[in-house]
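# Summary of the model geometry
Here is what each chain is made of, one letter per residue.
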Amino acid sequence: MPFTRIILRQGYSHVQIMQISDILQQSLEQEFAVPPRDRFQVFEELPARLRVFDRHYKSGGRSDNFIQFHILAGRPRSFAQKQNLSRVLCDRLHGGLNIDPDDVMIMIQFNSAEEWSFSQGRMLSEEQ
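Residues numbered from 1 in each chain as written. Predicted model: local features only at pLDDT ≥ 70, side-chain atom pairs only at ≥ 80, totals over all residues. Heavy atoms only, no water.

Going by what an unreviewed UniProt entry lists, the chain is known as Probable tautomerase and is assigned to Erwinia billingiae.

Laid out in structure tokens, this is it:
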């Protein structure tokens, strides 16, 4: 049940955004054991003046193509799963869209089923 907020520059085509979405979903399914239809993503395209970031902090150098993925997931994952997700996502973005791995930042956060209601006001914890 991850929810991912993807923040990126303006100018990506609809096709490119769908490629990023598909690459993210495939990576989540493979590395985080996310079910295939569990896709909740929000893309935020921001102008350069609203994206403030250090181009070199813990990176070989970020360009204007810098993308941030903030993943909120309901079930904790191991360090190996988080590491594998990060690596696979970077590799796939580079292979599929030529996005430099230095331009990819991934933040992963967890909460519990008590914090999720998918519809009708029913908490996910009530369904289990």
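Having seen it, we continue.
## Looking at the pairing of strand E1 (residues 3–9)
Two elements, E1 and strand E3 (residues 67–73), share five bridges in a ladder whose sense is antiparallel. Bridged to Phe3 within E3 is Leu72. Pairing of E1 with strand E2 (residues 41–46), which is carried by six bridges, proceeds in the parallel orientation. Across the sheet, the residue bridging to Ile6 is Phe43, located in E2. In this view, the connection linking E1 to its parallel neighbour E2 by way of helix H1 (residues 14–32) has right-handed handedness. (Pairing = 2+ DSSP bridges. Helix = DSSP H or I, 4+ residues; strand = E, 2+ residues; numbered from the N terminus. Right-handed = clockwise from strand over helix to strand, strands pointing away.)

## Side note on the pattern of salt bridges
Counted under the stated rule, the structure contains three salt bridges. Notably, a salt bridge pairs Glu44 with Arg5, separated by 2.2 Å at the nearest N-O pair. Taken together, the residues span a long stretch of sequence, with Glu44 in strand E2 and Arg5 in strand E1 at a distance of 39 residues. Among the residues examined, Glu44 registers a relative accessible area of 23% and is labelled partly exposed. (Salt bridge = Lys/Arg side-chain N within 4 Å of Asp/Glu carboxyl O. Buried < 20%, exposed > 50% of the residue type's maximum accessible area, 1.4 Å probe, protein only.)

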